[in-house]
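Letter by letter, the chains look like this.
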There are 2 protein chains.
Amino acid sequence: MPRDPDATRARILDAAEQEFADHGIAGARVDRIAENAQANKALIYRYFGSKEELFDAVFAQRSVAFVEEVEFDATDLPGYAGRAFDLYEQNPRTLRLATWYQLERPDGALPEIMASNDAKLTKIAQAQAAGTLPATFSPLELLTAVRALSMGWTLHTPELAQLERPSRERRRELVVEGVRRLVAG
Amino acid sequence: MPRDPDATRARILDAAEQEFADHGIAGARVDRIAENAQANKALIYRYFGSKEELFDAVFAQRSVAFVEEVEFDATDLPGYAGRAFDLYEQNPRTLRLATWYQLERPDGALPEIMASNDAKLTKIAQAQAAGTLPATFSPLELLTAVRALSMGWTLHTPELAQLERPSRERRRELVVEGVRRLVAG
């Protein structure tokens, strides 16, 4: 056992987050994670099980951090979309991990993510019942469109991403204004 | 050389499309493509170069097919978004391939895709100059938001995708109405 198991575990998760964000699950090399974490490969398997389970641990940690960093406010979905955009811009790993997860773990059912979805959908329904949010679209419909718009710039194909972009402030404005129009009565 | 090189090439591209859509570039196995295409592995490399180049050939073919199947009309972006949604629903491989491409080929610059982007952006600019489309957002901003909304349902995390969804007709309506609001004057 390492002298400081918690620090070792944290170093492994850090190195794994970088490796998985860059290469996905199939492309990730546990050898490389071990080297970058200055940890033993056998120890990684002992702590986390398989490469897939290590990915899930990384992704659950990142998802919980996202929920903590980006406050959800059903009565101000444009503001929420803008904050989500900010985090995607500041931390591109977040969406890369989420995208690999979607592609490589289509049956994923992480309790942290299911709980976060439930909380958001409930808050939207409550805001609609209270009349502070129009009920033109259902909670799941609104969440779907808000997510899509907040990720819009990150969904660019490599070819689109190579074109000259508006400033970050202006890119944010598209997200916020797009959601504002969506939730207008 | 095989007796019918064109048919062999088509079988390889078909098998490769399935393999890459399922597993991405890093996860794809050329052995499996060869087996499913009833083709020789050495022949695949002779025809296409590397696994990465085979992916690009598959993706360029799928992108050209998308552009041919989904008519772009800058004066009716809600209609275009609805047609794009239809194709993503009918052919989930399209967006899976595009997503792997984005993650695994971040420096991608396929001429077919660059030409298609240029054509769309020019048509949007022309419609704005002609006054048939409001110029609130720039062509690239509009294309960004239209793409995002048309892909919204496909961007669901596995956890969101497991929730009960509205009918396909109603999902389509969110896409079309979302874009309609975006392009309103």
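Above this note sits the structure.
From a predicted model like this one, the values you see are computed outputs, not experimental measurements.

Conventions used here
Residues numbered from 1 in each chain as written. Chains lettered and ligands numbered in written order. Predicted model: local features only at pLDDT ≥ 70, side-chain atom pairs only at ≥ 80, totals over all residues. Heavy atoms only, no water. Core = buried A, V, L, I, M, F, W, Y, C linked by side-chain atoms within 4.5 Å. Buried < 20%, exposed > 50% of the residue type's maximum accessible area, 1.4 Å probe, protein only. Contact = heavy atoms within 4.5 Å. Buried area = accessible area lost by both parts, 1.4 Å probe. Salt bridge = Lys/Arg side-chain N within 4 Å of Asp/Glu carboxyl O. Polar contact = N/O pair within 3.5 Å; in protein donor to acceptor, adjacent residues only side chain to side chain. Least-squares fit on C-alpha atoms with pLDDT ≥ 70 in both. Helix = DSSP H or I, 4+ residues; strand = E, 2+ residues; numbered from the N terminus. Expected span 1.5 Å × (residues − 1). Phe/Tyr/Trp six-rings, centres within 6.5 Å; stacked < 30°, edge-to-face > 60°. Lys NZ or Arg CZ within 6 Å of the ring centre and 35° of its normal. Bend = angle between axes of the 7 residues up to and from the residue.

1. Some points on the nonpolar core
- Ranked by internal contacts, the top residues of the largest apolar core, which has 124 residues, are A:Ile12, A:Phe20, A:Leu54, B:Ile12, B:Phe20 and B:Leu54.
- Residue contacts for A:Ile12: discarding those within four places in its chain leaves A:Ile33, A:Ala37, A:Ala39, A:Ile44, A:Tyr47, A:Phe48 and A:Leu54.

2. Focus on the interface of chain A and chain B
- Counting residues at the interface gives 52 residues for chain A, matched by 52 residues for chain B.
- At the boundary of chain A with chain B, total buried surface from both sides reaches about 4,700 Å², with 65% on carbon and sulfur atoms.
- A per-residue breakdown of the area chain A buries against chain B is headed by A:Leu103, A:Glu159 and A:Arg181, which together make up 16% of the total.
- Applying the counting criterion to the chain A and chain B interface returns two salt bridges.
- The partner of B:Arg170 in a salt bridge is A:Glu141, with the nearest N and O atoms 2.7 Å apart.
- For the interface between chain A and chain B, the tally reads 26 residue pairs in polar contact (both at pLDDT 80 or more).

3. A few points about the relation of the copies chain A and chain B
- Relative to chain B, chain A is turned by 180° and slid 0.0 Å along the rotation axis, the superposed coordinates differing by an RMSD of 0.0 Å. When the rotation and shift are considered jointly, the pair of chain copies conforms to a two-fold rotation axis. For chain A, the minimum C-alpha distance to the rotation axis belongs to A:Ala148 and amounts to 2.6 Å.
- A share of 100% of the interface residues of chain A reappears at the interface of chain B, consistent with the copies meeting face to face through the same patch.

4. A word on helix α10 (residues 168-183) of chain A
- Over its 16 residues, α10(A) extends 23 Å from the first C-alpha to the last, a length consistent with the 22 Å expected when each residue adds 1.5 Å.
- When α10(A) is considered as a whole, its buried residues turn out to be A:Arg171, A:Leu174, A:Val175, A:Val176, A:Glu177, A:Gly178, A:Val179, A:Arg181, A:Leu182 and A:Val183.
- In this structure, the buried residues of α10(A) make contact with α5 (77-90) and α8 (139-151) of chain A together with α8 (139-151) and α10 (168-182) of chain B.

5. What about the packing of aromatic side chains?
- As enumerated under the stated definition, the model contains 15 aromatic pairs over all chains in all.
- Measuring from centroid to centroid gives 6.2 Å for A:Phe55 and A:Tyr101, while their planes differ by 10°, and the two rings are stacked. Of this pair, A:Phe55 sits in helix α4 (residues 51-69) while A:Tyr101 sits in helix α6 (residues 92-104), placing them 46 residues apart in sequence. As far as burial versus exposure is concerned, A:Phe55 and A:Tyr101 are alike and both buried.
- Considering the side-chain rings of B:Phe72 and B:Tyr80, the 4.7 Å spacing of their centres and the 75° angle between planes classify their relative orientation as edge-to-face. Each of the two residues, B:Phe72 as well as B:Tyr80, counts as buried.
- One aromatic cluster is present, built from ring pairs that chain together A:Phe20, A:Phe55, A:Phe59 and A:Tyr101.
- Of note, A:Arg9 hangs over the ring of A:Phe48, and the distance from its end group to the ring centre comes to 5.2 Å.
- In this structure, B:Arg9 is placed above the aromatic ring of B:Tyr47, and the distance from its NZ or CZ to the ring centre is 4.9 Å.

6. Some points on helix α1 (residues 5-27) of chain A
- Helix length check: α1(A), at 23 residues, gives a terminal C-alpha distance of 27 Å against a target of 33 Å (1.5 Å per residue), a shortfall beyond 12%.
- Taken as a whole, α1(A) carries its principal kink of about 80° at A:Ala21.
- Among all positions of α1(A), only A:Thr8, A:Ile12, A:Leu13, A:Ala15, A:Ala16, A:Glu17, A:Glu19, A:Phe20, A:Ala21, A:Gly24, A:Ile25 and A:Gly27 are buried.
- Summarising the contacts, the buried residues of α1(A) are in contact with α2 (30-37), α3 (41-48), α4 and α6 of chain A together with α1 (5-27) of chain B.

7. Considering the pattern of salt bridges
- Taken as a whole, this structure holds 24 salt bridges over all chains when the rule is applied.
- Here A:Glu177 makes a salt bridge to A:Arg180, at a shortest N to O gap of 2.8 Å. Of this pair, A:Glu177 and A:Arg180 both sit in helix α10, three residues apart, roughly one helical turn.
- With its nearest N and O atoms 2.7 Å apart, the salt bridge here joins B:Arg171 to B:Glu89. Taken as a pair, B:Arg171 in helix α10 and B:Glu89 in helix α5 (residues 77-90) lie far apart in primary sequence, 82 residues in all.
- Judged by its relative accessible area of 23%, B:Glu89 falls in the partly exposed class.

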